[in-house]
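Structure assessment
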Amino acid sequence: MKFTQPKLPYAPDALSPIISQRTIDYHWGKHTKAYIDTLNELILGTAYEDMPIEDIITHSNGKLFNQASQAWNHIFYFFQFSPEPVKEPRGKLYEQIEKQYGSLDELKKLIIEAGIGVFGSGWVWLSADDNGKLLITQGGNAANPMTDGLRPILTLDVWEHAYYLDYQNLRAEYLKKVWDLIDWDIIGIRYE
Ligand code: MN
């Protein structure tokens, strides 16, 4: 088995009540694990076996792309959270947000709107381009902005399995509350 599921940097109940232990148990323990397990099955004995996961994402399509991208997306999503997050961006990321959006609240508002606007399952992303400019994008299913040459720095999962146990059908409520778990020092490191 080539790719292994990392251990989360917080206890399974540490993000509760915004993301409950039950959601962690299913979303990380079952859904994410299944994407990684299936990815490992699909690459076995193929040219993809020795590729970094990012290269698999940008060089595959169909079922393999879906599994590789979903594995990467979920690890990226879960590792941006902290039970005691730094709640404001600092340094270069702070400056870029102020320059482009005027305030963190405005950026959050636009990301929430983009997340609400995803029809069906998918993701909303904050990424940077080669010049450090920030972009908010949406994608259906397993989409990842790396395939458009962007560098993701933050993502919110808007598949129902991300919020249904805690918020039922209220995707907007989940999108509004989840900010209290996002550690902006992690996002800042990804940006720089
Ligand atoms: Mn998910």
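For the structure itself, consult the block above.
Since the structure is predicted, the reported quantities are computational estimates derived from the model, not experimental observations.

Before going further, it helps to examine the pairing of strand 1 (residues 122-128). With seven of its seven residues buried, strand 1 lies for the most part within the structure. Alternating residues of strand 1 divide into Gly122, Val124, Leu126 and Ala128 and Trp123, Trp125 and Ser127, and every residue in both groups is buried. Here seven bridges tie strand 1 to strand 2 (residues 134-140), and the two strands are oriented antiparallel to one another. Residue pairing for strand 2: Ala128 is matched across the bridge by Leu134. Remark: five residues form the turn of the hairpin made by strand 1 and strand 2, two consecutive strands paired antiparallel; Gly132 in that turn has positive phi of roughly 85 degrees. As defined by bridge partners, strand 1 adjoins strand 3 (residues 151-157) across six bridges and the pair is classed as antiparallel. Its bridge partner lying in strand 3, Ala128 is registered against Arg151.

Now for the packing of aromatic side chains. According to the stated counting rule, one finds twelve aromatic pairs in the structure shown. Ring centres of Trp123 and Trp125 lie 5.9 Å apart, and the angle between their planes is 35 degrees; on these two criteria the pair is classed as tilted. Like Trp125, Trp123 is buried. Three or more aromatic residues joined by ring pairs form one cluster here, namely Trp28, Trp72, Phe76, Tyr77, Phe78, Phe79, Phe81, Trp123 and Trp125. Geometry around Tyr26 places Lys30 over its ring, the cationic atom sitting 5.8 Å from the centre. Here the basic side chain of Arg190 rests over the ring of Phe76, its NZ or CZ set 3.6 Å away from the ring centre.

Moving on, we come to the nonpolar core. Counting 58 residues, the largest nonpolar core has Ile19, Leu39, Phe81, Leu154, Leu156 and Trp184 as the members making the most contacts within it. The element contributing the most residues to this core is helix 3 (residues 62-78), with eight residues. Setting aside residues up to four positions removed in sequence, Ile19 forms contacts with Ile24, Tyr77, Phe81, Asp166, Val178 and Leu181.

With distances of 1.9 to 2.2 Å, the protein atoms coordinating the manganese ion are His27 (NE2), His74 (NE2), Asp157 (OD) and His161 (NE2). If you list the donors of the manganese ion from N- to C-terminus, the spacing comes out as H-x46-H-x82-D-x3-H. Of this pair, His27 sits in helix 1 (residues 21-43) while His74 is found in helix 3, placing the two residues 47 residues apart along the sequence. In this structure, His27 and His74 share a single accessibility class: buried.

Bringing the packing of helix 1 against helix 3 into the picture now. The description of two helices packed together rests on the angle between their axes and the distance between the axes. With their axes 9 Å apart at the nearest point, helix 1 and helix 3 run at an angle of 140 degrees to one another. One finds that helix 1 runs oblique with respect to helix 3. The hand of the helix 1/helix 3 crossing is left-handed. Of the residues in helix 3, those in contact with Ile24, His27, Trp28, Thr32, Ala34, Tyr35, Ile36, Thr38, Leu39, Leu42 and Ile43 of helix 1 are Lys63, Leu64, Gln67, Ala68, Gln70, Ala71, His74, Ile75, Tyr77 and Phe78. Per-class residue counts for the contact of helix 1 with helix 3 are 14 nonpolar, six polar and one charged.

Cut-offs applied
- Every chain is numbered on its own, with residues counted from 1 as its sequence reads.
- Per-residue local features of the predicted model are confined to residues with pLDDT of at least 70, and side-chain atom pairs are confined, for both listing and counting, to 80 or more; whole-chain, interface and lining totals are unaffected and use all residues.
- Side-chain measures here rest on the full set of heavy atoms in the structure, leaving out hydrogens and waters.
- Relative accessible area decides the class of each residue, using a 1.4 Å probe on protein chains only: under 20% of the type maximum gives buried, over 50% gives exposed, and in between gives partly exposed.
- Runs of H or I in DSSP of at least four residues are treated as helices and runs of E of at least two as strands, each being numbered from the N terminus.
- In short, DSSP must find at least two bridges between two strands for them to pair.
- Here a Phe, Tyr or Trp ring, Trp counted by its six-membered ring, pairs with any other such ring whose centre lies within 6.5 Å, and the pair is stacked when the planes are under 30 degrees apart, edge-to-face when over 60, and tilted otherwise.
- Lysine and arginine charges are scored as sitting over a ring when NZ or CZ, respectively, is within 6 Å of the ring centre and within 35 degrees of the ring normal.
- Here the nonpolar core consists of buried residues drawn from Ala, Val, Leu, Ile, Met, Phe, Trp, Tyr and Cys, with membership extended through side-chain atoms lying within 4.5 Å.
- In what follows, a contact means two residues having at least one pair of non-hydrogen atoms within 4.5 Å.
- A donor here means an N, O or S atom no more than 2.8 Å from the metal, or no more than 3.2 Å when the metal is Na, K or Ca. Since water is not included, a site may seem to lack partners.
- In this description, a line fitted to the C-alpha atoms serves as the axis of each element, helices being fitted only across the stretch in contact, and the angle between N-to-C directions of two axes falls anywhere from 0 to 180 degrees.
- In what follows, roughly perpendicular refers to angles from 65 to 115 degrees, roughly parallel to angles under 35, roughly antiparallel to angles over 145, and oblique to any angle outside these ranges.
- The sense of a crossing depends on the near helix, which, turned anticlockwise from the far helix by less than a right angle, makes the crossing left-handed and, turned clockwise, makes it right-handed.
- Following the grouping adopted for this structure description, the nonpolar residues are Ala, Val, Leu, Ile, Met, Phe, Trp, Tyr, Cys and Pro, the charged ones are Asp, Glu, Lys and Arg, and the polar ones are all others, Gly among them.

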